[in-house]
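Each chain, letter by letter, is given below.
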Amino acid sequence: MAKNKTTETESSVADFINVIDDEIKRNDAFELAKIMKKISGFEPKMWGTGIIGFGSYHYKYASGHEGDAPLIAFSPRKASISLYLNIPTESRDELLLQLGKHKSAKACVYIKKLIDIDLVALQNIISISLENSKKLYS
């Protein structure tokens, strides 16, 4: 069975963020780390080479594949900031409507800049996602 590429590392989150060329994205990454730390109570940790995660859970699929993943996370990618969240399906659309300018996929929400979104709505979504992950994986 293949080994997971995205595992928690000892790399410095601050060092990772500090090399982001785009000043707005760099500042947004520091702000997101502060928000997620405050909501989760967990210190930010690097997962793989480009994901900043908070807390962790263990998963095991029916196929036998298993591993660990962060409860909530984000990655300041070149095109956009990817938010890795576990928003409950039944409230997902309603919650994301409140967020502001974004795109989304099943487990990710993509934003360009924090100024484009409602930070109160974001904090609410992060809190709900965190509780949903804890409920599903504890």
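In the block above lies the structure referred to throughout.
Every value quoted in this text rests on a predicted model; they were computed, and no experiment measured them.

Visitor: Just checking my understanding: could you explain the packing of aromatic side chains for this structure?
Guide: To describe a pair of aromatic rings, you give the distance between the ring centres and the angle between the ring planes. Tallied over the full model, the rule gives three aromatic pairs. Ring plane angle 35° and centroid distance 5.0 Å describe the contact between Tyr59 and Tyr61, whose orientation is recorded as tilted. Overall, the relative accessible area of 13% leaves Tyr59 in the buried class. Among the aromatic side chains, those forming a connected cluster through ring pairs are Tyr57, Tyr59, Tyr61 and Tyr137.

Visitor: What exactly am I supposed to notice about the sheet that holds strand E6 (residues 81–84) here?
Guide: Neighbouring strands of a sheet are bound in pairs by backbone hydrogen bonds; such pairs are parallel or else antiparallel. Spatially, E1-E2-E5-E6-E8-E7 is the arrangement adopted by the six strands of the open sheet, whose pairing is antiparallel. Edge strands, defined here as strands with exactly one partner in the open sheet, are strand E1 (44–47) and strand E7 (103–104). The sheet contact formed by E1 and strand E2 (residues 51–54) spans four bridges and is antiparallel. Bridged to Pro44 within E2 is Phe54. Across the sheet, helix H2 (residues 23–40) is in contact with E1, E2, strand E5 (72–76) and E6; its angle to E5 comes to roughly 175°.

Visitor: Help me understand a positive patch on the surface in this model?
Guide: Taken together, the side chains of Lys101, Lys103, Lys112 and Lys113 define a basic patch exposed on the protein surface. Here Lys113 is to be found in the loop between strand E8 (108–111) and helix H4 (119–137).

Visitor: Would you take a moment to explain the pairing of E8 for this structure?
Guide: The side chains of a regular strand alternate, residue by residue, between the two faces of the sheet. Two elements, E6 and E8, share four bridges in a ladder whose sense is antiparallel. What sits directly across from Tyr84, in E8, is Cys108. Relative to E8, E7 runs antiparallel, the two being bridged by two bridges. Counted as the bridge partner of Lys103 is Tyr110 from E8. Joining the antiparallel neighbours E7 and E8 is a turn of three residues.

Visitor: Looking at this structure, I do not really get the environment of Ser91. What am I missing?
Guide: Following the sequence through the fold, Ser91 ends up in helix H3 (residues 89–97). Residue classification places Ser91 among the partly exposed residues on the basis of a relative accessible area of 22%. Separated by eleven residues in sequence, Ser91 and His102 place their C-alpha atoms 17 Å apart.

Visitor: What is the right way to look at H3 in this model?
Guide: What sets the pattern is the α-helix's 3.6 residues per turn: residues three or four places apart point alike. Those residues of H3 not exposed but buried are Arg92, Leu95 and Leu96. An end-on view of H3 places all buried positions within 90° of arc, on one side of the element. Exposed side of H3, more than 90 degrees from the buried face: Glu90, Asp93, Glu94 and Leu97 are the residues found there. Against the buried residues of H3 lie E7, E8 and H4.

Conventions we followed
- Every chain's residues receive numbers from 1 upward, in the order its sequence appears when written.
- Totals for whole chains, interfaces and linings use every residue, but because this is a predicted model, local features are given only for residues with pLDDT of at least 70 and side-chain atom pairs only at 80 or more, for both listing and counting.
- Computation of side-chain values: all heavy atoms of the structure, hydrogens and water removed.
- What counts as a ring pair is set by centres within 6.5 Å for rings of Phe, Tyr and Trp (its six-membered ring), and what kind of pair is set by the plane angle: stacked under 30 degrees, edge-to-face over 60, tilted for all other angles.
- When accessible area is computed with a 1.4 Å probe and restricted to protein chains, residues below 20% of their type maximum are described as buried, those above 50% as exposed, and intermediate ones as partly exposed.
- Here, any two strands with at least 2 DSSP bridges between them count as paired.
- Helix and strand labels come from DSSP, where a helix needs a run of H or I of at least four residues and a strand needs a run of E of at least two; each type is numbered from the N terminus.
- Contact criterion: two residues are considered in contact whenever any of their non-hydrogen atoms come within 4.5 Å of each other.
- Axes here refer to lines fitted to C-alpha atoms; in helices the fit is confined to the stretch in contact. Angles between the N-to-C directions go from 0 to 180 degrees.
- What makes a patch is a set of residues exposed beyond 30% relative accessible area and free of salt bridges, joined within 9 Å when like-charged and within 5 Å when nonpolar (Val, Leu, Ile, Met, Phe, Trp, Tyr).
- What sets the accessible areas is the Shrake-Rupley method with a 1.4 Å probe; for residues, cover comes only from the shown protein chains.
- Any Lys or Arg side-chain nitrogen located within 4 Å of an Asp or Glu carboxyl oxygen qualifies as a salt bridge.
- As used throughout, the charge tally considers Lys and Arg to be positive and Asp and Glu to be negative, leaving His and the chain termini uncounted.
- In plain terms, the charge of a residue is placed at NZ if it is Lys, CZ if Arg, CG if Asp and CD if Glu.
- What the arc measures is the spread of directions leading from the helix axis to the C-beta atoms.

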